[in-house]
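Residue strings, one per chain:
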Amino acid sequence: MEVEWADSHIGKALELLEANGELENTLIVVTSDHGMPFPFVKGQIFEDGFHLPLAMRWGKEIKAGRVVEDFVNVRDFAPTFLEMAGLKSSSQMTGHSLVKTLQSEKSGWIDKSQNVMLTGKERHDLGRPNDWGYPVRAIRTPEFLYVHNYFPDRWPAGNPETDYPNCDASPTKELIKSLGGYYYDLSFGKRPADALFKLADDPECLRNLANDPFYANTMDELREKLFTTLRKEKDPRALGDGAIFDTYQFVGGNGKSYDTWLKRQSTKLEDSALKK
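Counting restarts for each chain: residues are numbered from 1 in the order of the written sequence. Since the coordinates come from a predicted model, pLDDT governs what is reported: local features require at least 70, and pairs of side-chain atoms require 80 or more to be given and counted, while whole-chain, interface and lining totals use all residues. Side-chain calculation: all heavy atoms of the structure are included, whereas hydrogens and water are not.

**Student:** Account for the sheet that holds strand β5 (residues 144–149), naming residues and giving values.
**Tutor:** Ordered in space as β3-β4-β5-β6, the 4 strands form an open sheet in which the pairing is antiparallel. Single-partner strands in this sheet number two, and they are β3 (117–121) and β6 (194–198). The average angle at which neighbouring strand axes cross in this sheet is 15°, direction not considered. Bridge count between β5 and β6: 5 bridges; the pairing is antiparallel. Note that in β6 the partner of histidine 148 across the bridge is aspartate 194. With respect to the sheet, helix α7 (residues 216–232) is in contact with β3, β4 (136–140), β5 and β6, its orientation differing from that of β5 by roughly 65°. Pairing between two strands requires that DSSP report at least two bridges joining them. Helix and strand assignments follow DSSP, with helices taken as H or I runs no shorter than four residues and strands as E runs no shorter than two, numbered in order from the N terminus. Between N-to-C directions, angles span 0 to 180 degrees; the directions come from axes that are lines fitted to C-alpha atoms, helices contributing only their stretch in contact. Residues count as neighbours in contact if any of their non-hydrogen atoms are within 4.5 Å of one another.

See the structure below:
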């Protein structure tokens, strides 16, 4: 139903552009939010958590029917739009313009330099003491994904007492919680500081190769590439100033913060005692 709804509205937008004579002059970008709303996916730094669909249309400027395998990051969109408008990118932007890739008539891997992708998160959720996040940085190459979890002592999907709020409510979540064991630990349990996955053999990121001696050189190379690039791009976490992220206060009104949750639980207990 949701896919049909999205398709219908995209169709209406295309019809409106065509009716106004602007369809062939407009770059249309269709992508999605990050990750399916399931344990081990939504809000987590694994392949299915940040590998997004992307379709682009730009009249005669883009040859139809092509499939491009180059790594593309959402941070590349702004430089692309600016170049199309004849403007320069800001020095703060770390993405690159996709105009040449869009105008190429080739399929497959077009720009061989676009073979490394960085991804990460700080605080995608609430549900830990002090509303701490779960900082992660990762590097993706055509073959491997290396993930560094800065605080392996924290719960990746939120604390158990707050019911892992970084995983959306669903029958799947409740089933995994009730089963316990391997799938429970995989979805909600604490994770090691480092993880390495060979995606050709393990696209679901289930087999951590970080401690496998055979991949020691790969680990070292990817770790060095990750943190060198992060420092070059002035990532505060990589520069030793990651504590600044914990100073950003949550100002939403959904009441999911750790302290709010505990207060609500206390109120429920008091109400229950009064009823008795």
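Read on, since the account is not over.
**Student:** Describe the pattern of salt bridges, listing the residues and the values that go with them.
**Tutor:** A pair is scored as a salt bridge if a Lys or Arg side-chain nitrogen falls within 4 Å of a carboxyl oxygen belonging to Asp or Glu. This structure, assessed with the given rule, holds 14 salt bridges. With its nearest N and O atoms 3.2 Å apart, the salt bridge here joins aspartate 125 to arginine 128. Both residues of the pair, aspartate 125 and arginine 128, belong to the buried class. One salt-bridge network, in which partners are shared between bridges, spans Glu122, Arg137, Asp235 and Arg237. Here's how the labels work: a residue is buried when its accessible area is under 20% of the maximum for its type, exposed when over 50%, partly exposed in between, all with a 1.4 Å probe on protein chains only.

**Student:** Residues and numbers for the side chain of glutamine 44, please.
**Tutor:** On the secondary structure map, glutamine 44 appears in the loop between β1 (28–30) and α2 (47–50). Accessibility expressed as a relative area gives 4% for glutamine 44, which makes it buried. The contact partners of glutamine 44, leaving out residues within four places of it in the chain, are Gly49, Lys121, Pro156, Ala157, Asn166 and Arg191.

**Student:** Tell me what's going on with unusual backbone geometry, and back it up with residues and numbers.
**Tutor:** In this structure, aspartate 163 takes a positive phi of about 65° despite not being glycine. Tracing the backbone shows aspartate 163 in the loop between β5 and α5 (171–179). Positive phi outside glycine occurs at tyrosine 164, with the angle close to 50°. For tyrosine 164, the position within the fold is in the loop between β5 and α5.

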